[in-house]
Amino acid sequence: HVSIRPTESAERAGRPSLTPELLAATGARYSRNNEGLEAILSRIDPNNLDKSVDGIFRMIDYGHQSIADMAPVAMFIDGLTIWLAYLVWSQVPTAGGQESSTRYLKLGSADLPDGLELGIAPDLQSEWTILMDQALAAYERAYDLWDRFALENPDATRIPSALLSDPSERAQKQVARMRRNYAFDRARYFLPVALRTNMMLVMSARGWVQLAQWLLSHPLPEAQYLGSLIVSELGLSASRLLKHATAKSSTALGHGDEMEAAAQFEPSSELSLDVLPPTGVSDLAPSLKHHDNRYAYFGDNLRRTAVRVSWPKMAIAEIRDLNRHRTGSKYCPPKGLGFYGADEEIPAQLEELHELNSLGTSMTDRGSALLAEHNVAFPYFYLLGSQFTFEHTTTADKFIYEAELRTGTGAHFRYAKHLRDALQLWYEQFPTTKGLVLEGSGEPE
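Only a predicted model underlies this, so the values are computations on that prediction, with no experimental measurement involved.

What counts and what doesn't
- Residues numbered from 1 in each chain as written.
- Predicted model: local features only at pLDDT ≥ 70, side-chain atom pairs only at ≥ 80, totals over all residues.
- Heavy atoms only, no water.
- Helix = DSSP H or I, 4+ residues; strand = E, 2+ residues; numbered from the N terminus.
- Rg over C-alpha atoms; globule rule 2.2 N^0.38 Å.
- Buried < 20%, exposed > 50% of the residue type's maximum accessible area, 1.4 Å probe, protein only.
- Contact = heavy atoms within 4.5 Å.
- Lys, Arg positive; Asp, Glu negative; His and termini not counted.
- Charge placed at Lys NZ, Arg CZ, Asp CG, Glu CD.
- Pairing = 2+ DSSP bridges.
- Axes fitted to C-alpha atoms, helices over the stretch in contact; angles between N-to-C directions.
- Parallel < 35°, antiparallel > 145°, perpendicular 65-115°, else oblique.
- Left-handed = near helix turned anticlockwise from the far one by under 90°.
- Nonpolar A, V, L, I, M, F, W, Y, C, P; charged D, E, K, R; others polar.
- Expected span 1.5 Å × (residues − 1).
- Core = buried A, V, L, I, M, F, W, Y, C linked by side-chain atoms within 4.5 Å.
- Phe/Tyr/Trp six-rings, centres within 6.5 Å; stacked < 30°, edge-to-face > 60°.
- Polar contact = N/O pair within 3.5 Å; in protein donor to acceptor, adjacent residues only side chain to side chain.
- Salt bridge = Lys/Arg side-chain N within 4 Å of Asp/Glu carboxyl O.

A. Molecular detail of the overall build of the protein chain. On a plain count of helices and strands, the protein chain comes out with 18 helices and seven strands. The C-alpha atoms of the protein chain give a radius of gyration of 25 Å, which matches the 22 Å a tight globule of 445 residues would have. Sorting the 445 residues of the protein chain into buried and exposed places 49% on the buried side. A sequence separation of at least 24 residues applies to 81% of the contacts in the protein chain between residues at least 6 apart. Once the 43 positive and 56 negative side-chain charges of the protein chain are each reduced to a mean point, those two points are 7 Å apart.

B. How the structure looks around the sheet that holds strand β5 (residues 306-315). If you trace the four strands from one edge of the open sheet to the other, you get β4-β5-β7-β6, paired in antiparallel fashion. Of all the strands in the sheet, the pair left with one neighbour each is β4 (272-276) and β6 (329-331). Going across the sheet, the axis of each strand differs from the next one's by a mean of 15°, ignoring polarity. When β6 meets strand β7 (residues 387-395), the two strands line up antiparallel, connected through three bridges. Note on β7: the bridge partner recorded for Y331 is E391.

C. Up close: the sheet that holds strand β2 (residues 96-99). The antiparallel open sheet is built from three strands, whose spatial order is β1-β3-β2. Bordering the open sheet on either side are β1 (72-81) and β2, each of which pairs with just one other strand. Taking each pair of neighbouring strands and ignoring which way they run, the sheet shows an average axis angle of 10°.

D. Region of interest: the packing of helix α6 (residues 82-91) against helix α11 (residues 205-216). Contact geometry for α6 and α11: axes closest at 10 Å, N-to-C directions at 130°. It follows from the interaxial angle that α6 and α11 lie oblique. Between α6 and α11 lies a crossing whose hand is right-handed. Listed contacts from α11 to L84, L87, V88 and Q91 of α6 are L211, W214 and L215. Of the residues contributing to the contact of α6 with α11, the split by class is six nonpolar, one polar and no charged.

E. View of helix α10 (residues 169-187). In a regular helix each residue adds 1.5 Å, so 19 residues correspond to 27 Å; α10 covers 27 Å between its end C-alpha atoms and thus fits that length. Taken together, the buried positions of α10 are occupied by A171, V175, M178, R179, N181, Y182, A183, F184, D185, R186 and A187. Turning to α10, the residues buried within the fold contact α7 (122-152), α8 (154-157), α9 (161-164) and α18 (413-429).

F. Just the environment of L356, in detail. Here L356 is to be found in helix α16 (residues 352-372). In contact with L356, not counting residues within four places along its chain, are A138, R141, A142 and F190.

G. Geometry of the nonpolar core. Counting 119 residues, the largest nonpolar core has W208 and W426 as the members making the most contacts within it. Element by element, the count of residues in this core is highest for α7, at 14 residues. Residues I159, A171, V175 and M178 belong to the second largest nonpolar core, which totals five residues.

H. Structural context of the packing of aromatic side chains. Under the criterion given, the structure shown has 15 aromatic pairs. Between Y189 and Y340, the ring centres sit 4.9 Å apart and the planes meet at 90°, which makes this aromatic pair edge-to-face. Taken together, the positions of Y189 in the loop between α10 and β3 (196-204) and Y340 in the loop between β6 and α16 put the pair 151 residues apart, joining distant regions of the chain. Judged by its relative accessible area of 0%, Y189 is buried. Assessed through its relative accessible area of 4%, Y340 is described here as buried.

I. Seen up close, the pairing of β2. The side-chain alternation of β2 yields one buried face, formed by G97 and E99, and one unburied face, formed by G96 and Q98. When β2 meets β3, the two strands line up antiparallel, connected through four bridges. Note that in β3 the partner of G96 across the bridge is V202.

J. Seen up close, the side chain of T364. Structurally, the position occupied by T364 is in helix α16. Residue classification places T364 among the buried positions, given a relative accessible area of 0%. At 2.9 Å, the side chain of T364 and the backbone oxygen of G360 are in polar contact. Engagement of the side chain of T364 in a polar contact is seen with the side chain of S386, the distance being 2.7 Å. Ignoring sequence-local partners within four residues, the contact set of T364 consists of G336, L337, G338, F339, Y382 and S386.

K. View of the side chain of T407. Looking at where T407 falls in the secondary structure, it is placed in the loop between α17 (396-405) and α18. Separated by 2.9 Å, the side chain of T407 and the backbone nitrogen of G440 make a polar contact. Apart from the residues within four sequence positions on either side, T407 is in contact with A416, L419, R420, E439, G440, S441 and G442.

L. Region of the structure containing the pairing of β3. Relative to β3, β1 runs antiparallel, the two being bridged by nine bridges. The partner of V73 across the bridge, within β3, is M203.

M. Examining the pattern of salt bridges more closely. Enumeration according to the criterion identifies 16 salt bridges in this entry. A salt bridge links K417 to D421; the nearest nitrogen and oxygen atoms lie 2.7 Å apart. Of this pair, K417 and D421 both sit in helix α18, separated by four residues, roughly a single helical turn.

N. Local environment of unusual backbone geometry. You will see that R158, though not glycine, has its phi angle at about 60°, which is positive. On the secondary structure map, R158 appears in the loop between α8 and α9. In the Ramachandran plot, A342 falls in the positive-phi region, its phi being about 65° despite a non-glycine side chain. Tracing the chain through its elements places A342 in the loop between β6 and α16.

What follows is the structure in structure tokens.
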């Protein structure tokens, strides 16, 4: 837990500063009278903040979720696995935050936890350790191959020629960074999702309580441990709002149902896009007439249009980022459906990568086999290139924003492919919007 202190400017202006619980209590008071902020703050004893919370909050249920919504809390979480970070993001789509990026960082064996920490059964320990070593060796080989290819084939990297020809130290540092990221983007598919990552989240105490409930009810030991840490840290700033931060039997049963459904899941073979405009609306182009950048205005007919897009196979490397789009619902049964290793990007001289891809396929199959056996540690056998069905239900304005973002400058090559495929289905249904959707070229940053 990291507290937020007032700025010097706010202090000079005489603005109040409150603990998260005092902030929630003060806001809650508004629902019971109209005396205003200054009158409420006058009840606060700066020498006894806990008593002040009780004094303001006496008539209000501390556990009421709408009250917990008004208590902002920031936490930094270091050392959780990439898989658990993905699960956390799936539960907190409206949270603000960041996570260490495999697109810009090189990971290795130092980032791999002990299998016992993850709940890998003793009879699987040796197999898992060998597979992790093989995957990390494959990652190193793939990175070296792509790095050499980028150096020998600068046109393939799409680095601007002006930068390549600029001899200045600044330009050449930028070229080296872009070349390195090009290799990271294509080698990362061999990284195990069991590797450690770091993330930071800002959300309300209510969000943290709901996340803790979900984690404490999850079958993965790592998830339960994180849930207990969140409860402990949340107690530092919002102890009165922890009433519901416990494991829930209904959630635990739901986790079990979802694992069973994932084991039985039969994927579609086709990308699908279901769109439901408002009744009587067939042309959505007018809703884009003022839309001159991806953050610009969307008309109300787009905002009222429901969209469900389902990719039959997407690597977890891409899912974990698309999963962070902050609207709607996501559906991703964790049954591995083959492996993606940038095959279509592999030139003839990089045939060695095809050999590495066979390791990714076998590890994905192993994870799926363990899922079928209801072994809760099955995800830790997957790699970032392991593929799953990924579905996002949202509204048309948010879908178009996502498509523009993920095909724009700096977009990962595979993001761009997935979103362009979805846009083609969109254009088939709404041809007059082509050219108004600001589809990008996915050029490097």
